[in-house]
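Listed here are the chains, written in short residue letters.
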Amino acid sequence: MTRALATLYRLLYDGVLCRLPESTAIALGQTALRLIPFDRLGAFRLEDPRLAVTLGGVRLANPLILAAMYYDARILRRAMGLGFGAVTAKSITREARPGHPQPNLVRVRTAAGPGLVNCNGFQNPGLEAFSGMLARIPHRAPLIVSVAGESVDDYVALVRALGPLGDLVEFNISSPNTKLVYEWSRRPAELVTLLRAVRAATTKPLIVKLSPDFADANEAQIIPAALEAGIRIVNYGNTRRVEEPRLSQRAGGLSGPEIFAGTLANLRRTRRRFGAELEIIATGGVDSPDKALELLREGATAVGYFTGFITRGPILARQILERLLDVPT
Ligand SMILES: Cc1cc2nc3c(=O)[nH]c(=O)nc-3n(C[C@H](O)[C@H](O)[C@H](O)COP(=O)(O)O)c2cc1C
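Residues numbered from 1 in each chain as written. Predicted model: local features only at pLDDT ≥ 70, side-chain atom pairs only at ≥ 80, totals over all residues. Heavy atoms only, no water.

One pass over the full model with this rule turns up nine aromatic pairs. Taking the centre distance of 5.9 Å and the plane angle of 80° together, the rings of Tyr155 and Trp184 count as edge-to-face. Highlighted residues: Tyr155 in helix 5 (residues 152-162) and Trp184 in the loop between helix 6 (179-182) and helix 7 (188-201), separated in sequence by 29 residues. The pair formed by Tyr155 and Trp184 is uniform in burial state, with each residue classed as buried. Taken together through their ring pairs, the aromatic side chains of Tyr70, Phe84, Tyr305, Phe306 and Phe309 make up a single cluster. The ring of Trp184 carries the charged tip of Arg187 above its face, separated from the ring centre by 4.8 Å. (Phe/Tyr/Trp six-rings, centres within 6.5 Å; stacked < 30°, edge-to-face > 60°. Helix = DSSP H or I, 4+ residues; strand = E, 2+ residues; numbered from the N terminus. Buried < 20%, exposed > 50% of the residue type's maximum accessible area, 1.4 Å probe, protein only. Lys NZ or Arg CZ within 6 Å of the ring centre and 35° of its normal.)

Looking now at the environment of Cys119. Of note, Cys119 is situated in the loop between strand 6 (113-118) and helix 4 (127-134). It is 33 Å that separates the C-alpha atoms of Cys119 and Thr2, two residues lying 117 residues apart in sequence. Excluding residues within four positions of it along the chain, Cys119 makes contact with His100, Pro103, Asn104, Asn177, Leu247, Ser248, Gln249, Ala251 and Gly252. (Contact = heavy atoms within 4.5 Å.)

Moving on, we come to unusual backbone geometry. Along the chain, Gln102 connects to Pro103 via a cis peptide bond; the corresponding omega equals -10°. Position of Pro103 relative to the elements: it lies in the loop between strand 4 (86-92) and strand 5 (105-110). Omega for the bond connecting Tyr236 with Gly237 falls within 30 degrees of zero, at 10°, which places this linkage in the cis form. Note that Gly237 resides in the loop between strand 10 (233-236) and strand 11 (240-243). The residue Phe122 is not glycine, and still its phi comes out positive at about 60°. Among the structural elements, Phe122 can be located in the loop between strand 6 and helix 4.

This part is about the pairing of strand 8 (residues 168-172). Here strand 8 lies mainly inside the structure; five of its five residues are buried. With burial as the criterion, each face of strand 8 is covered, one bearing Leu168, Glu170 and Asn172 and the other bearing Val169 and Phe171. As judged from the four bridges shared by strand 7 (residues 143-147) and strand 8, these two strands associate in the parallel manner. Looking at the pairing, Ile144 lines up with Leu168 of strand 8. Handedness of the crossover is the feature at issue here: the chain leaves strand 7, passes through helix 5, returns alongside strand 8, and the resulting connection is right-handed. As paired elements, strand 8 and strand 9 (residues 206-210) share four bridges and run parallel to each other. Along strand 9, the bridge assignment pairs Asn172 with Lys209. (Pairing = 2+ DSSP bridges. Right-handed = clockwise from strand over helix to strand, strands pointing away.)

Judged by nonpolar contacts, the single largest core of 84 residues is most densely connected at Phe84, Tyr155, Phe171, Ile173, Leu195 and Leu295. In this structure Phe171 touches Val147, Tyr155, Leu194, Leu195, Val198, Leu206, Ile207, Val208, Lys209 and Ile231, once residues within four positions along its chain are discounted. Grouped together as the second largest cluster of nonpolar side chains are 11 residues, Val58, Ile65, Leu168 and Ile281 included. (Core = buried A, V, L, I, M, F, W, Y, C linked by side-chain atoms within 4.5 Å.)

Looking now at the site of the ligand. The environment of the ligand is made up of 22 residues, and the closest members are Ala68, Ser91, Lys209, Gly285 and Thr307. Ser91 places a side-chain nitrogen or oxygen 2.7 Å from a nitrogen atom of the ligand. Contacts to the ligand include Asn172, whose side-chain N or O atom sits 3.1 Å from an oxygen atom. In the complex, the protein chains occlude 98% of the 610 Å² of accessible area that the ligand would expose alone. (Near = heavy atom within 4 Å. Polar contact = N/O pair within 3.5 Å; in protein donor to acceptor, adjacent residues only side chain to side chain. Areas by Shrake-Rupley, 256 points an atom, 1.4 Å probe, with all protein chains shown as cover.)

Before going further, it helps to spend a moment on helix 8 (residues 215-229). Here helix 8 is 15 residues long and its end C-alpha atoms lie 20 Å apart, about the 21 Å a rise of 1.5 Å per residue gives. Taken as a whole, helix 8 carries its principal kink of about 35° at Ile222; the proline Pro224 stands between one and four residues after it. Taken as a whole, helix 8 has its buried residues at Ala215, Ala217, Asn218, Glu219, Ile222, Ile223, Ala225, Ala226, Leu227 and Ala229. Just downstream of helix 8, Gly230 is the residue with a positive phi angle, here 90°. (Expected span 1.5 Å × (residues − 1). Bend = angle between axes of the 7 residues up to and from the residue.)

The next point concerns the side chain of Arg199. Looking at the secondary structure, you find Arg199 in helix 7. Buried within the structure, Arg199 lacks any salt-bridge partner; Glu279 is the closest side chain of opposite charge, at an N-O distance of 10 Å. A polar side-chain atom of Arg199 sits 2.7 Å from the main-chain carbonyl oxygen of Lys204. Leaving out residues up to four positions away in the same chain, Arg199 has contacts with Lys204, Leu206, Ala229, Gly230 and Ile231. (Lys, Arg positive; Asp, Glu negative; His and termini not counted. Salt bridge = Lys/Arg side-chain N within 4 Å of Asp/Glu carboxyl O.)

Remark: helix 5 packs on helix 7, axes separated minimally by 9 Å, with the N-to-C direction vectors making an angle of 20°. In terms of axis orientation, helix 5 runs roughly parallel to helix 7. Handedness of the crossing formed by helix 5 with helix 7: right-handed. Mapping the contact onto sequence places Val152, Tyr155, Val156, Val159 and Arg160 in helix 5 and Leu194, Ala197, Val198 and Ala201 in helix 7. (Axes fitted to C-alpha atoms, helices over the stretch in contact; angles between N-to-C directions. Parallel < 35°, antiparallel > 145°, perpendicular 65-115°, else oblique. Left-handed = near helix turned anticlockwise from the far one by under 90°.)

Quick look at the structure:
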């Protein structure tokens, strides 16, 4: 059944979705997710107590996390029933943002497989509207809220307001599409103040989402500063910045299998250097059960993905979970 659904989705992706302009394919995919109750079909989930992990003290039914991209309440709710151990909401800013003009997302065919480059620019409804939507979502799986700001004040206000509505709070200092957050990784000294202020603003477990573009600063300054501030979880990480002339901003964040080798290398180094004191969500390029398994074997506490959800379909979570249970313990 799982294999048949995976094959069917590949046919749909290659035969239909890939032939449509990206913006039409996205609109179609999101409408389908909103309207069709895929989550009521048990086929996408696999429940087994052996899969459970804890992240920042929160129990996840399994180590798979849908990475940040969706803010629509109906989609987030649906995703919670599609096999993920936790679901991350899109990064929210204090004020609503329209995002960058179209085209802000393009497909790429790399040697490693199908990926995306986006310059979404934080299209989101803003703190007030999003808080209202979130309050109505039952947490069938833990919800990770994500915040993005320009100043320490922004992050503190966002974390104070959204912290109570999520089970964990991720703060984004790594999306490459706006100066808004990417610049934080270039200013590790100021980041120390931010980390401490954010830690003081919520009692929820905090996750710092890192950029693969700043490996040296991450490991020499940012992770030590996070640990010092009492933040024990990193998500390594976000998309990799690339030039892309088809996008309105002429550059964007690359996601999908092309960045997997970097994710694995970053995880290995970080785990070796910081040992068990750090919990690591390894995100970037996972689009198969083998890749997820490799990251978990290399010491990831949990594995995140977004592009694989689009290119391999919602059945990917179930495929990974079946593979994890095959592993001799
Ligand atoms: C269209 C799009 C929008 C995204 N929006 C966010 C976001 O709001 N906040 C964030 O932290 N990451 C965002 N990401 C990054 C993903 O959460 C993830 O870290 C990245 O795509 C790498 O994982 P993947 O290769 O599995 O997609 C976005 C990615 C894409 C493709």
